[in-house]
Amino acid sequence: MNRDYDVIVVGTGHAGVEAALAAARMGCQTASFTLNRERIAYMPCNCSIGGPAKGHLAREVDALGGQMGINTDLSLTHIRRVGTGKGPAVQTLRAHADKSIYPQTMRRVMESQPHLALVENAVEGLLTHQNRIVGVKLADGSEVTAHAVIITTGTFLNGLCHLGEQKIEAARHGDPPVGGLSQSLRALGFRMGRFKTGTTPRLRKSSIDLTQMILIEPEEDSPPFSFKHARLEFARLLLPCWQTYTNERAHAVIQANLHRSAMYSGQIQGTGPRYCPSIEDKIHRFPEKRAHPIFLEQEYWDQEDLYVQGMSTSLPEETQMEILQAMPGMEQVEMIRAGYAVEYDMVYPDQLHLTLMAREVEGLFLAGQINGTSGYEEAAAQGLVAGINAALYAQNREPLVLERARSYIGVLIDDLVTKGVEDPYRMLTGRAEYRLTLRHDNADERLTPVGRAVGLVDDERWQRFTQKRHGIETETERLQSEFVSGKHNPWLQANGQSMVSDRVSAYDYLRRPGARYETLSALLGWENPAPSDVVEQIEINAKYEAYLKKQSQQVQQQQKLEHWRIPDDLDYHLLRAISKESREKLAKARPRTVGQAARVPGVRPADIHCLLVYLKKENGAFYSA
Amino acid sequence: MPSLKIANQDTISAIATAPGTAAIGIVRVSGSDAFALAEKMFRRADPKPLESHRIYVGEIVNPETGVAVDRALLLVFKAPNSYTGEDCVEFSCHGGSAVLRQALELTWRFGARPAEPGEFTLRAFLNGKLDLAQAEAVADLIHARAEAQGRAALELHKGALSQQARHLSDSALSLLASVEAVIDFSEEIGDLNTEALQSQIQELIEETETLLKRAKAGRLLREGVRLAIIGQPNVGKSSLLNALLQEERAIVTEVPGTTRDVIEESFQAGGVPFIVQDTAGLRNSEDTVERIGIERTRQAIENADALLFVFSAHAGWTEADQALWETLPDKPALLVANKIDLLDTPVSSQPTAILVSALTGTGLEDVRHALLSLLDLHDLNSENLPVTHARHANALREAADHLRHALHTIDQALPPDFLSIDLRSAWLAYGQITGETVEEDLIHRIFRDFCIGK
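Note that this is a predicted model, so its numbers are computed, not measured.

**Describing the overall build of chain A**
Then, number 1: Assigned secondary structure in chain A consists of 20 helices and 22 strands.
Then, number 2: The C-alpha radius of gyration of chain A comes to 26 Å, within 12% of the 25 Å expected for a compact globule of 625 residues.
Then, number 3: By principal-axis analysis of the C-alpha atoms, chain A measures approximately 80 × 75 × 50 Å.
Then, number 4: Residue burial in chain A is summarised as follows: out of 625 residues, 52% are buried.
Then, number 5: Contacts in chain A between residues at least 24 apart in sequence constitute 73% of all its contacts with a sequence separation of at least 6.

As structure tokens, then:
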């Protein structure tokens, strides 16, 4: 059937841009609908990309061929490594992007992308025919058709902002909400909920005595976010940020005004994020903590706006002032804008396939905050996967499902779809079972071949990737074939390195705690040492081999279950060995594999054992295997 | 993908009693055609439809010829109130393999197919009549040769080991959770208290080791103690064996594929089965060690868990005894001075020897006690339940290894993330016992140990 486009993407937030770019890059005629092209990939909350687990997501988006990492490298004002003391699996990058440069840069990419039409118009409804998407209806009543439609509307659906007792119908500061699409989704039978998220006050930098805060310098030698970039290039000096703490005076103000918070006064019906709580939430939940960390982050190169990381709130404006003024250095603080909370309609994501396609409406995909997540990186990751799958669907190709054992994106989507959400979902490292395998530094190794296979990784990225892979191989061989022996001991001793009693390969020497590649390359006089990204992989492989092996065994064991497909037409009600409650849960969740079935909340391991026997028996494999 | 036909269980049948001559034998049939099959091949006076939980008297007949095969009882169990949870009938026939075989073949010709090993229990499991641990215990109960074995299987059935393993598994999981929490929320909850963690891990290792120590006893209990009786010609080895066998009720097994020689026999001591190896050799070749064949004796000794060395109290400890004694490998061994009935005062030159008369039965009880103490099997009860499955022992060993590695990880001052890998592995290992760890081939390993008819 002839359609206007292959893929339509509604919304141009962090999910929308990745979805639209991915579909267009995979050769689909794509239309991207935005309400305001000035606010493409806008950052309404904080100015940072990355941090624990979120940095992993951002790197994975990049490794698959997404835009977030590249855009961050090109617009950042600050970057540093985080989680360095917690082991190679946890450490990652955190950057601050300039809030006007980030959207501008992304807009240019969108506008120059072949096959992509950027349309400024409001989508008011969805067109379907026999449980299949046909297209969208615009505000002026006109219709645009497509094979696949991706909805990435973030907090826009019936958005309502709260500032203390004040209520404003808005999706975020300065943007009106959208109602029609929400109705349209309800009419299609989607179960919808109401979530809430909050943002912090913005402060004027010159009104604060920053000398009373802890200065955090950027790390200019930090690696870039994008695997496509060899190094970060800065046109100007990076900016610092500052850390301070709340104190008991500030806590007392919050306690006294708790009843005025929109969250606590009952004004907000929506559920807030458990792992990104507002300051009033933190005081209420951890009454024994006397201080909470606060970071002051600069939102622009050339403007005074400071974001107060750690102080999202929906308390009234004057209370926010009082809290801030209680902290040293902020006695004279000026607020550019008060913090506020926003509540919005979301769609429960257990109504989606692992491809992010709706179970009940073929060709309709949902990605980002509408699925009950919070955060730019979580949104981008879903947008990318939805974009890829919408394109694969429009092209009649096999869908892409990313596995938990291979990526945080896989963990994210599996959690959303299999477990569902009760409050805004934020990625945490603890959500992944196989963290040492899912490092931010090897995201390319895990996902770039996947991105290449679907047609999203361009030649330039692919070449860089294969070069790095080749470098790791040849450099590992060199380390294994050259040796450190007694004759090197004087040099080792003189350079404060541990000496050897027997001849050991350079690779084995590298396993020692504290041993570094650069020591060996100096000791053995190598004229062409490997680049730092290659060295990083080799050092991790050598030093943590035992743990990597152990984890890979765990992964292999689990993969047997993950690769075991459950027939789509399995009638769970016939499985009498499984408790009635579990049968109902499984019948509702319709897991794709045994591994996924085991994660459906409330299903016991014993139930899965029963399922295994049934599947084996029906396969005829039980007595022959 | 092919559609599933789970509801349509076909009908299976098998002989449910042990092979060999016995007073009665049972043919068990389970599945949707069980009742129809019974109506066809069981002739009874009462014309009313079969009722559940009733016993009918009648004849098994060949429906084609009308010829009666056997006079028998028919037991009827209607789904779901049967062992398998399906419609089930049992023909209780006269023992004797020919009759039973004929009855079984009739069931195959008129609606049933031969059951696979463990298939009845598998169906019971699938129909929610048994959980996995209970199914595992059923296999043990079937295989139990002696009282203590049965007791251990029953404890397993009741979940004693599962309970202990679950406690260990929970401890490992809570350690894992505390480490994982630090990774994401050290800001809120502070850093890891490695000292406390070390001592908790150490404690867990010790508890696991305690359980493991009983694994050896468990294996002996499960498989029986292999005993080799050794001694010079004419010291009374076979009469001692006969005496031990006669006191208990001897269980004689025929091992197919060999000659009709009985090559092993077993007796019980304190509820523990002892399997005497190479009894054929003992019986037929009493007079000459040479005729047994040195190779066969050597093998029996090598396979044995314990040795019973017999010499004549009457002849005393001879040079030949000493020479034979010195060739024996280092294994738990018991010295028995036989034929004390020929002495005026029962003493022996070997102070550790137990004084026995196979002829009068004197000292046999002492031999049994000594065998049990020799192998630490003398005080088995539910408190110190032995780990009877190799599968369980392996899982415990694996868990302990991962925990020791966790201590090493702490010693190396590696970050908490590495610790979480060790602790996760330990937790997964414990879960193999409790069934919390879902493993692809676990079910298979459990059901393959079954025999046909169960």
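From this point, the narrative continues.
**Observations concerning the overall build of chain B**
Then, number 1: Along the backbone of chain B there are 16 helices and 14 strands.
Then, number 2: Within the span of chain B, comprising 454 residues, buried residues form 44% of the whole.
Then, number 3: The long-range share in chain B, meaning contacts at least 24 apart out of those at least 6 apart in sequence, stands at 66%.

**Some points on the domain arrangement of chain A**
Then, number 1: When its domains are assigned, chain A resolves into domain 1 (202-341), domain 2 (473-548) and domain 3 (564-618).
Then, number 2: Inter-centroid distance (C-alpha atoms) of domain 1 of chain A to domain 3 of chain A is 46 Å.

**Details of the environment of Glu233(A)**
Then, number 1: Residue placement: Glu233(A) occurs in the loop between strand E14 (214-216) and strand E15 (241-245).
Then, number 2: Along the backbone, Glu233(A) and Leu74(A) are 159 residues apart, and their C-alpha atoms lie at a distance of 8.3 Å.

**Some details on the confidence of the model for chain B**
Residue and element names in this part refer to chain B.
Then, number 1: Of all residues in chain B, 76% attain a pLDDT of 70 or more, and the chain-wide mean is 78.
Then, number 2: Across residues 1-7 the pLDDT falls below 50, and counting only partners more than four positions away or on other chains, this stretch makes 12 contacts in the model.
Then, number 3: Note that pLDDT drops below 50 for residues 247-262; the model gives that stretch 16 contacts with residues more than four away or on any other chain.

**Brief notes about the packing of helix H3 (residues 68-75) of chain A against helix H4 (residues 101-112) of chain A**
Residue and element names in this part refer to chain A.
Then, number 1: One can describe the packing of H3 onto H4 by two numbers: an axis separation of 9 Å at closest approach and a directional angle of 130 degrees. Between H3 and H4, the angle is such that the two are oblique. Between H3 and H4 lies a crossing whose hand is right-handed. Mapping the contact onto sequence places Asn71, Leu74 and Ser75 in H3 and Ile101, Tyr102, Thr105 and Met106 in H4.

**Details of helix H2 (residues 54-64) of chain A**
Residues and elements named next belong to chain A.
Then, number 1: Burial analysis of H2 places 11 of its 11 residues in the buried class, the great majority of the element.
Then, number 2: Along H2, the residues classified as buried are Lys54, Gly55, His56, Leu57, Ala58, Arg59, Glu60, Val61, Asp62, Ala63 and Leu64.
Then, number 3: Downstream of H2 by a residue or two, Gly65 has a phi angle that is positive, lying close to 110 degrees.

**Here we look at unusual backbone geometry**
Then, number 1: A cis amide bond, omega 0 degrees, links Ala79(B) with the succeeding residue Pro80(B).
Then, number 2: Assignment of secondary structure puts Pro80(B) in the loop between strand E5 (68-77) and strand E6 (88-94).
Then, number 3: Its identity is not glycine, yet Asn396(A) carries a phi of approximately 60 degrees, on the positive side.
Then, number 4: Inspection of the secondary structure assignment puts Asn396(A) in the loop between helix H9 (376-394) and helix H10 (408-419).
Then, number 5: Even without being glycine, Arg590(A) reaches a positive phi, approximately 45 degrees.
Then, number 6: As for its position among the elements, Arg590(A) is in the loop between helix H18 (580-589) and helix H19 (594-599).

**Some thoughts on the sheet that holds strand E12 (residues 192-198) of chain A**
Residue and element names in this part refer to chain A.
Then, number 1: Read from one edge to the other, the open sheet built from 4 strands follows the order E11-E10-E19-E12, with strand pairing classed as antiparallel. What marks the edges here is a single partner per strand, and that holds for strand E11 (166-168) and E12. Strand after strand, the sheet turns through a mean of 25 degrees between neighbouring axes, direction not considered.
Then, number 2: The pairing of E12 with strand E19 (residues 341-347) spans 7 bridges and is antiparallel. In the sheet register, Arg194 faces E19, and the bridge partner there is Asp345.

**Some details on the packing of helix H1 (residues 14-25) of chain A against H4(A)**
Residues and elements named next belong to chain A.
Then, number 1: Running from N to C, H1 and H4 point in directions that differ by 25 degrees, and their axes come no closer than 10 Å. Between H1 and H4, the angle falls in the class roughly parallel. The handedness of the crossing between H1 and H4 is left-handed. Contacts between H1 and H4 involve Val17, Ala20 and Leu21 on the former and, on the latter, Met106, Val109 and Met110.

**Side note on helix H11 (residues 443-454) of chain A**
Residue and element names in this part refer to chain A.
Then, number 1: The end-to-end C-alpha separation of H11 is 17 Å, in line with the 16 Å expected for 12 residues at 1.5 Å each.
Then, number 2: Those residues of H11 that sit buried are Ala443, Asp444, Arg446, Leu447, Thr448, Val450, Gly451 and Val454.
Then, number 3: One or two positions beyond H11, positive phi appears at Gly455, with a value near 95 degrees.

**Overview of the sheet that holds E15(A)**
All names here are of chain A.
Then, number 1: In spatial order, the strands read E14-E15-E16-E17-E13-E18; together these 6 strands make up an open sheet with antiparallel pairing. Each edge of the open sheet is held by one strand with a lone partner, namely E14 and strand E18 (335-337). Neighbour-to-neighbour, the strand axes of the sheet open up by a mean angle of 35 degrees, direction not taken into account.
Then, number 2: Taken together, the 2 bridges between strand E13 (residues 202-204) and E18 define a ladder with antiparallel strand orientation.

**Quick notes on the nonpolar core**
If you look at soluble globular proteins, the nonpolar side chains tend to sit buried side by side.
Then, number 1: Core analysis: the largest hydrophobic core is formed by 138 residues, its most contacted members being Val7(A), Ile8(A), Ala19(A), Val149(A), Ile150(A) and Ala390(A).
Then, number 2: Excluding residues that lie within four positions of it along the chain, Ile8(A) makes contacts with Ala31(A), Phe33(A), Gly135(A), Val136(A), Val144(A), Ala146(A) and Val149(A).

**A few points about the environment of Glu209(B)**
Then, number 1: As for its position among the elements, Glu209(B) is in helix H7 (residues 194-223).
Then, number 2: Expressed as a C-alpha distance, the spacing of Glu209(B) and Leu73(B), which sit 136 residues apart in the sequence, is 52 Å.

**Considering the pairing of strand E12 (residues 306-312) of chain B**
All names here are of chain B.
Then, number 1: In terms of residue burial, E12 counts as a mostly covered element, since 6 of its 7 residues are buried.
Then, number 2: Across 5 bridges, strand E8 (residues 225-231) lies against E12 in parallel orientation. Bridge pairing in E12 links Ala228 to Leu307.
Then, number 3: In this structure, E12 lies alongside strand E13 (residues 333-338), joined through 6 bridges in parallel fashion. Within E13, the position partnered with Leu307 by the bridge is Ala333.
Then, number 4: Between E12 and its parallel partner E13, the chain crosses via helix H12 (residues 319-327), and the hand of that crossover is right-handed.

**Here's the deal with the environment of Asp10(B)**
Residues and elements named next belong to chain B.
Then, number 1: In this structure, Asp10 sits in the segment before strand E1 (12-15).
Then, number 2: Sequence separation between Asp10 and Ser312 is 302 residues, and the spatial gap between their C-alpha atoms is 63 Å.
Then, number 3: Once residues within four sequence positions are removed from consideration, Asp10 is found in contact with Gly31 and Arg113.

What counts as what
Residues numbered from 1 in each chain as written. Chains lettered and ligands numbered in written order. Predicted model: local features only at pLDDT ≥ 70, side-chain atom pairs only at ≥ 80, totals over all residues. Helix = DSSP H or I, 4+ residues; strand = E, 2+ residues; numbered from the N terminus. Rg over C-alpha atoms; globule rule 2.2 N^0.38 Å. Buried ≥ 20, exposed ≤ 12 C-beta atoms within 10 Å, placed from the backbone. Contact = placed C-beta atoms within 7 Å. Domains from an automatic or database assignment. pLDDT = per-residue confidence, 0-100. Axes fitted to C-alpha atoms, helices over the stretch in contact; angles between N-to-C directions. Parallel < 35°, antiparallel > 145°, perpendicular 65-115°, else oblique. Left-handed = near helix turned anticlockwise from the far one by under 90°. Pairing = 2+ DSSP bridges. Expected span 1.5 Å × (residues − 1). Core = buried A, V, L, I, M, F, W, Y, C linked by C-beta atoms within 7 Å. Right-handed = clockwise from strand over helix to strand, strands pointing away.

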